[in-house]
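A look at the structure
Take a look at the letters that make up each chain.
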Amino acid sequence: PRSGNTWVRLIISRILFPEFNISSLLDLDLLVPDIHKRTRYDHRSLSKECVIKSHFSKPFNPLGNSFPVIYIVRNPVDVAVSYFNYRLKNNNLTGRNDFGAFVKRFVNGSIFPCSWQEHVMSWIGSKHEGRVLVVKYEDMVKNTTDKIADIAHFLGEEVSLSRAKAIDKYASRENMVLLEREGS
């Protein structure tokens, strides 16, 4: 969590469905469903061409081991700070609003889905039958248009520089804030 998942989902939606204007996170869930939410999609019947969001670590991934994966990784310190603030904002902290206690739980894996290190190593430190594209959040921030092109290529699409720039503008922080305000 808090590693740019919604950002990348918005980018993917624009790559695969450029004609569809997303006005809320519910719209985004129709195009790139979230396996953790109850939607009309049954992940067991999805084709390999479908893109879905998941926070599962590899051992708990219900989709199996042959799907292509775009794995987003972010500096764990930044993840911990962002996740703490997110849970604080949403009144979703157990116990005291103590960042130090939260970090201890974050590091030892008692916060869903497991520790940051376990999660990362489950995907990039072990064999996966499908293709895996590792996207570093920090690289996305530094050079978004190049990473958009990498993601598009991984999905079997090609985007021009001008289209990558348009997708970057569409998936801006400001647009994501608006989508989050519209709810999920």
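Residues numbered from 1 in each chain as written. Predicted model: local features only at pLDDT ≥ 70, side-chain atom pairs only at ≥ 80, totals over all residues. Heavy atoms only, no water.

The next subject is the pattern of salt bridges. A complete count under the given rule lists two salt bridges for this structure. Residue Arg9 pairs with Asp29 through a salt bridge whose shortest N-O separation is 2.5 Å. Of the two residues, Arg9 is situated in helix α1 (residues 5-16) and Asp29 in helix α2 (residues 25-31); the sequence distance between them amounts to 20 residues. An identical accessibility class is assigned to Arg9 and Asp29; each is buried. Residue Asp150 is joined to Lys147 by a salt bridge in which the shortest nitrogen-to-oxygen separation is 3.2 Å. With a gap of three residues between them, Asp150 and Lys147 both fall in helix α7 (residues 144-154), about one helical turn apart. Assessed through its relative accessible area of 36%, Asp150 is described here as partly exposed. Taking relative accessible area as the criterion, Lys147 reaches 21% and is therefore assigned partly exposed. (Salt bridge = Lys/Arg side-chain N within 4 Å of Asp/Glu carboxyl O. Helix = DSSP H or I, 4+ residues; strand = E, 2+ residues; numbered from the N terminus. Buried < 20%, exposed > 50% of the residue type's maximum accessible area, 1.4 Å probe, protein only.)

Empty space within the largest pocket amounts to approximately 1200 Å³. What lines the largest pocket is a set of 36 residues, among which Arg2, Thr6, Lys53, Tyr86 and Glu180 lie closest to the centre. Listed by contribution, the elements that provide at least two residues to the lining of the largest pocket are α1, α2, α3 (76-89), α6 (137-142) and α9 (173-182). Per-element accounting of the lining of the largest pocket gives the leading share, five residues, to α3. Here the lining of the largest pocket is composed, by residue class, of twelve nonpolar, 14 polar and ten charged. (1 Å grid on protein atoms, 1.4 Å probe; cavity = no way out; pocket = protein on both sides within 12 Å on 5 of 7 lines; lining within 4 Å. Points joined across faces, edges and corners; volume = space filled by probe spheres on them. Nonpolar A, V, L, I, M, F, W, Y, C, P; charged D, E, K, R; others polar.)

Quick look at the pairing of strand β2 (residues 132-136) now. Of the two faces of β2, only the one carrying Leu133 and Val135 is buried; Val132, Val134 and Lys136 on the other face are not. Pairing analysis gives five bridges linking strand β1 (residues 69-73) to β2, with the strands arranged parallel. By the bridge assignment for β2, Val73 is matched with Lys136. (Pairing = 2+ DSSP bridges.)

So, on to the packing of α1 against α7. Their axes nearest at 10 Å, the elements α1 and α7 cross at an angle of 60°. With respect to their mutual orientation, α1 and α7 come out oblique. When you trace α1 past α7, the crossing you get is right-handed. Where α1 approaches α7, its residues Trp7, Val8, Ile11, Ile12 and Ile15 are matched on the opposing element by Thr144, Ile148, Ile151 and Ala152. Residue classes in the contact of α1 with α7 are distributed as eight nonpolar, one polar and no charged. (Axes fitted to C-alpha atoms, helices over the stretch in contact; angles between N-to-C directions. Parallel < 35°, antiparallel > 145°, perpendicular 65-115°, else oblique. Left-handed = near helix turned anticlockwise from the far one by under 90°. Contact = heavy atoms within 4.5 Å.)

Checked against the element boundaries, Ile70 lands in strand β1. By relative accessible area, Ile70 is classed as partly exposed at 22%. For the pair formed by Ile70 and Phe154, sequence separation is 84 residues and the distance between their alpha carbons is 8.5 Å. Residues in contact with Ile70, not counting those within four places in the same chain, are Ile12, Leu133, Val135, Ile151, Phe154 and Leu155.

It is worth spelling out the packing of aromatic side chains at this point. If you walk through the whole model with that rule in mind, you get six aromatic pairs. Plain terms: the ring middles of Phe84 and Phe99 are 5.2 Å apart, the flat faces sit at 80° to each other, and that makes the pair edge-to-face. With Phe84 in helix α3 and Phe99 in helix α4 (residues 99-108), the pair connects residues that are 15 residues apart, well separated along the chain. Residue class for Phe84 comes out buried when judged on its relative accessible area of 7%. Phe99 gets classed as partly exposed once you look at its relative accessible area, which sits at 34%. (Phe/Tyr/Trp six-rings, centres within 6.5 Å; stacked < 30°, edge-to-face > 60°.)

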